Amino acid sequence: MKRVIRKVAVLGSGIMGSRIACHFANIGAEVLLLDICPKELNADEQARGLDLNHKAVRNRIVNAALDSTLKSNPSAIFSKKVIPNITTGNFDDNMKDIATCDWVIEVVVEKLEIKKLIYDQVEKYRTAGTLISSNTSGIPIHLMAEGRSDDFRAHFCGTHFFNPPRYLRLLEIIPTPETKSEVIDFLMHFGDKFLGKTTVLCKDTPAFIANRVGVYSIMALLHLVQKMDLTVEEVDKYTGPVLGRPKSATFRTTDVVGLDTMINVAAGLYNNLPNDKAHQLFELPDYVKKMQENQWLGDKTKQGFYKKIKGADGKSEILALDLKTLEYKAQQKVKSPTLEACKLVDNLRERMKVFAQGTDKAGEFFRTSFFGLFEYVSDRIPEISDELYRIDDAMRAGFGWELGPFEVWDALGVKNALEGMKKYGKEAAPWVHEMISAGHDSFYKVENGIKKYYDIPSKAYKVVPGSEAFIILDNIRSNNTVWKNSGTTITDLGDGILNLEIHTKMNTIGGEVIQGMNKAIDLAEKDFRGLVIGNDGANFSAGANIGMIFMAAIEQDWDEINLAIRMFQNTMMRMRYSSIPVVAAAHNLTLGGGCELCLHADFVQTNAETYMGLVEFGVGLIPGGGGTKEFALRLSDEFKEGQIEQAALRDRFLTIGQAKVSTSGLEAYELGYLQKDKFGITMNRSRLIVDAKNKALELADRGYTQPVRRKDIRVLGKQGLGIVYAGANSMFAGNFISEHDKKISEKLGYVLCGGNLSQPALVTEQYLLDLEREVFLSLCGERKTLERIQSILTKGKPLRN
């Protein structure tokens, strides 16, 4: 049957319920969010003379929960404009309204008896054939389905989102034996394509896949801390970015999530898995029990493994817990030769080998923890999954690991790791030894750009389901590279489309990237139909290399800076006016020069999680790679649409002047970085390159025509400058901005208004680019600008401009 999700009911408005509701609102669905009615009035309601029958009272709990979520940081919504998609109500008055919903998601408290009471009500009003699911993280799905109607059971399963649902990509789908196959297939596809999730099919086992493996890993580590006499600081240093995991690592993440949450899941596993080989590891160590008694549960109780205090000087300081004395102390710097060696290796898989060979405490920690993990995950097949790739998918998407356990095992070499495991008293499951005996020496392999996994029952490699829909540059680079230099790689995506991949640090743009862009356009114009600019890295681009600009400015080599900026501008213009369509595939940080690149592309296929902005003002500069020119051009086009000129100028000016960065792809459009009909949003990051390629093909198939350079850009001259100068003077007089900020503001306005023209006039793009470059150069010589750039560089912050 054709199934369309237009309206979703979310039953339960707690932390997860309200955030799930927001995420459905993000994708444009109509959402009905319900919760219980209060049993008594609060003080404010009493003062206002309300009674329990008043609508404001009856919906107080759900409205307060949603309001709290809408104020949360990071934001649960893409834009404030999606808020009207959510309607609130209560179980007593509005449960009948679920009859109009295509999907009902239960997110109430984790107590089976309460869930069953909710399902009794759902059975009364739900329309037959519609989806019904639970967001439970631990209650067996089959127990919740017991006693329900045939149609309910056929359309029921677990849909376990991870918190926060907008940002964590995992969605576990847990069917019962009675769940229809078409329901499972639909949820797997819908979660992937429309919710942007890595959907993982799970068996109905305790904690499913991600929490089963993730909590094992954490609990094993909590015990290892005592065995190896490790500190909080050491553990978080060993288990953070060096392992390809979040910066919050282990203990900081536990503080954020809540130690009580981890304890509850661990307790469930301890009680429900008496025969698990790692059963004793799920028992809490004494120091964790003491933390639980003390209510040191993390951020929610203001202290956990870390505690934030204010020192005698009034400055905040974060202390670390001494796990032996249970006293808080100043954090100690972690020193390790192994970690220093790992810093020199950018490739994560190669870094794993270096880590595993370490001879100090860090290396010993790696081997002890990972050899135990390898044993555990190999033993979990087929208990929690029949396919090994699902375990890796779950850990990457749910816990933010760049490599899942089987992928790390592959990186070390399966045979080598097996030998190491024996030395540490660990033994892999028999099927791993059978795999090696059959002549297969890895869990994964890539053939013709397609990733395959070792299938245990057939003892052969099979294509990872769904991977055919993705383009993974790592998988095709070796066979499809057309050209490369130190900062870029040009890859043939097939069907006449090239891809330019930037792979400098933070994907910053320097001379090698400019060279790569021009070469890609050369090749595409000669022998191909279109060009995509995208990568599989953490960010699209954090902007131009300001370190290079800083060094040239210190040496007062203005000719070098002028040449570099001119080359950047010329490359952006060449991209804009090439004979082939150029599509930028933006995701995550898309700042400064990265944003300017998108401003000049024919189309921007952006991931929903794209943080785009022209942020040069923050270091005392203006956008110099065509960004300011482009805002002047778009400002001119807005004049033509009949907007009030001064209002449009103000909005464009403030976007650059306040260095506004979008909190989503949708907000990038609202801020003016993206244009109507010239951008698309891809929910699932893994589909971004494919979607960008398809858009390039679509533009080519339509008969792409090389654009004509603009000579009709209306600028306001002195008429606009007066507005800018008055505003800057007012802000300076009120002590809202510094004298240097006032100067930058006036220079920014100078370019946006087309210079000191006596009256509004039509100018060319080149005229504005020359003004932009002139102003950029003048600001590079300002002492305050250099001080700001130096401050960023010396503090080791990302090069963001």
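Just above sits the structure.
The shown structure was predicted, so the numbers you read here are calculated from the model rather than taken from an experiment.

Caption draft 1: Inspection of the nonpolar core at higher detail. Counting 118 residues, the largest nonpolar core has Leu 11, Phe 251, Phe 305, Phe 406, Trp 409, Trp 431 and Phe 443 as its most contacted members. Per element, the largest residue contribution to this core is 12 residues, and it comes from helix 10 (residues 210–228). When near neighbours in sequence (up to four residues on either side) are disregarded, Leu 11 contacts Leu 34, Phe 91, Met 95, Ile 98, Val 104, Ile 105, Glu 106, Val 107, Val 108, Ile 118 and Val 122. Ranked by size, the runner-up nonpolar core spans 76 residues in total, among them Cys 595, Val 604, Val 724 and Leu 771.

Caption draft 2: Here's a closer look at a positive patch on the surface. Judged by side-chain charge, Lys 237, Lys 247, Lys 333 and Lys 335 come together as a positively charged surface patch. Checked against the element boundaries, Lys 335 lands in the loop between strand 11 (327–330) and helix 15 (337–343). What makes Lys 335 exposed here is its relative accessible area of 73%.

Caption draft 3: Structural context of the state of the cysteines. Considering all chains together, one arrives at 0 disulfides under this definition. Among the cysteines around Cys 202, which has no disulfide bond, Cys 157 carries the closest sulfur, lying 10 Å off. Here Cys 598 is not cross-linked by a disulfide; its sulfur's nearest cysteine counterpart is in Cys 595, at 6.4 Å. Judged by its relative accessible area of 2%, Cys 598 is buried.

Caption draft 4: Examining the pairing of strand 14 (residues 460–463) more closely. Note that strand 13 (residues 450–455) and strand 14 share 4 bridges and pair antiparallel. Residue pairing for strand 14: Lys 452 is matched across the bridge by Val 463. The antiparallel pairing of strand 13 with strand 14 creates a hairpin that spans 4 residues between the two strands, and Lys 459 there sits at a positive phi of about 55°.

Caption draft 5: Region of the structure containing the sheet that holds strand 5 (residues 131–134). An order of 3-2-1-4-5-6-7-8 is seen for the 8 strands of this open sheet, with the pairing classed as mixed. In this open sheet, the two edge strands, each paired with only one partner strand, are strand 3 (86–90) and strand 8 (198–201). The average undirected angle you get between the axes of adjacent strands in this sheet is 25°. Where strand 1 (residues 7–11) meets strand 2 (residues 30–35), 5 bridges bridge the pair, whose relative direction is parallel. Pairing of Lys 7 across the sheet is with Glu 30, part of strand 2.

Caption draft 6: Summary view of the sheet that holds strand 10 (residues 316–322). One open sheet accounts for 3 strands, arranged 9-10-11; its pairing is antiparallel. This sheet does not close on itself; its edge strands, each paired only once, are strand 9 (306–310) and strand 11. Adjacent strand axes in the sheet meet at a mean angle of 45° when their direction is disregarded. Judged from the 4 bridges that link them, strand 10 and strand 11 form a sheet pairing that is antiparallel. Looking across to strand 11, one finds that Leu 319 is bridged to Ala 330.

Caption draft 7: Spatial organisation of the packing of aromatic side chains. This structure, assessed with the given rule, holds 28 aromatic pairs. Measuring from centroid to centroid gives 6.1 Å for Phe 406 and Trp 431, while their planes differ by 50°, and the two rings are tilted. Remark: Trp 431 occurs in helix 21 (residues 430–437) and Phe 406 occurs in helix 19 (residues 405–412); sequence separation between them is 25 residues. Take Phe 406 and Trp 431: they sit in the same class, and that class is buried. These aromatic residues form a ring-pair network of at least three members: Phe 355, Phe 366, Phe 370, Phe 371, Phe 374, Phe 406, Trp 409, Tyr 424, Trp 431 and Phe 443. Here Arg 148 stacks its cationic end above the ring of Phe 152, 5.6 Å away from the centre of that ring. Sitting over the ring of Tyr 444, Lys 451 keeps its end group 4.4 Å from the ring centre.

Caption draft 8: Quick look at the packing of helix 1 (residues 15–26) against helix 4 (residues 60–70). The contact between helix 1 and helix 4 brings their axes to 9 Å, and the two run at 65°. Relative to helix 4, the element helix 1 is oriented roughly perpendicular. Relative to helix 4, helix 1 is oriented so that their crossing is right-handed. Facing Ser 18, Arg 19 and Cys 22 of helix 1, the residues of helix 4 in contact are Ala 65, Leu 66, Thr 69 and Leu 70.

Caption draft 9: Quick peek at the pairing of strand 12 (residues 444–447). With 4 bridges joining them, strand 12 and strand 13 adopt antiparallel strand pairing. Bridge pairing links Val 446 to Lys 451 in strand 13. Where strand 12 folds back onto strand 13 in an antiparallel hairpin, the turn is made up of 2 residues, including Asn 448, whose phi is positive at roughly 55°.

Caption draft 10: Examining empty space enclosed by the protein more closely. Applying the stated criterion across every chain yields a total of 2 cavities of 30 Å³ or more. Volume-wise, the largest cavity comes out at about 60 Å³. Lining the largest cavity we find Cys 598, Leu 599, Ala 601, Asp 602, Val 604, Arg 634, Tyr 673, Leu 674, Gln 675, Lys 678 and Phe 679. Tallied by class, the residues present in the lining of the largest cavity amount to 7 nonpolar, 1 polar and 3 charged. Roughly 30 Å³ of volume is contained in the second largest cavity. Looking at the second largest cavity, the residues that line it are Ala 632, Leu 635, Phe 639, Leu 649, Arg 714, Val 715, Leu 716, Leu 752 and Cys 753. With 3 residues, helix 27 (residues 627–640) is the single largest residue contributor to the lining of the second largest cavity. Of the residues in the lining of the second largest cavity, the class split is 8 nonpolar, no polar and 1 charged.

Caption draft 11: Expanded view of helix 16 (residues 348–356). When helix 16 is considered as a whole, its buried residues turn out to be Leu 348, Arg 351, Met 352, Phe 355 and Ala 356. Taken down its axis, helix 16 places every buried residue within 135° of arc, on the same side. In this fold, the buried residues of helix 16 make contact with helix 11 (232–238), helix 15, helix 17 (361–379) and helix 19. Residue Asn 347 occupies the N-cap position of helix 16, its side-chain oxygen lying 3.0 Å from the main-chain nitrogen of Arg 349.

What counts and how
- Residues numbered from 1 in each chain as written.
- Predicted model: local features only at pLDDT ≥ 70, side-chain atom pairs only at ≥ 80, totals over all residues.
- Heavy atoms only, no water.
- Core = buried A, V, L, I, M, F, W, Y, C linked by side-chain atoms within 4.5 Å.
- Buried < 20%, exposed > 50% of the residue type's maximum accessible area, 1.4 Å probe, protein only.
- Helix = DSSP H or I, 4+ residues; strand = E, 2+ residues; numbered from the N terminus.
- Contact = heavy atoms within 4.5 Å.
- Patch = residues over 30% accessible without salt bridge, like charges linked within 9 Å, V, L, I, M, F, W, Y side chains within 5 Å.
- Areas by Shrake-Rupley, 256 points an atom, 1.4 Å probe, with all protein chains shown as cover.
- Salt bridge = Lys/Arg side-chain N within 4 Å of Asp/Glu carboxyl O.
- Lys, Arg positive; Asp, Glu negative; His and termini not counted.
- Charge placed at Lys NZ, Arg CZ, Asp CG, Glu CD.
- Disulfide = S-S within 2.5 Å.
- Pairing = 2+ DSSP bridges.
- Axes fitted to C-alpha atoms, helices over the stretch in contact; angles between N-to-C directions.
- Phe/Tyr/Trp six-rings, centres within 6.5 Å; stacked < 30°, edge-to-face > 60°.
- Lys NZ or Arg CZ within 6 Å of the ring centre and 35° of its normal.
- Parallel < 35°, antiparallel > 145°, perpendicular 65-115°, else oblique.
- Left-handed = near helix turned anticlockwise from the far one by under 90°.
- 1 Å grid on protein atoms, 1.4 Å probe; cavity = no way out; pocket = protein on both sides within 12 Å on 5 of 7 lines; lining within 4 Å.
- Points joined across faces, edges and corners; volume = space filled by probe spheres on them.
- Nonpolar A, V, L, I, M, F, W, Y, C, P; charged D, E, K, R; others polar.
- Arc of directions from axis to C-beta.
- Polar contact = N/O pair within 3.5 Å; in protein donor to acceptor, adjacent residues only side chain to side chain.

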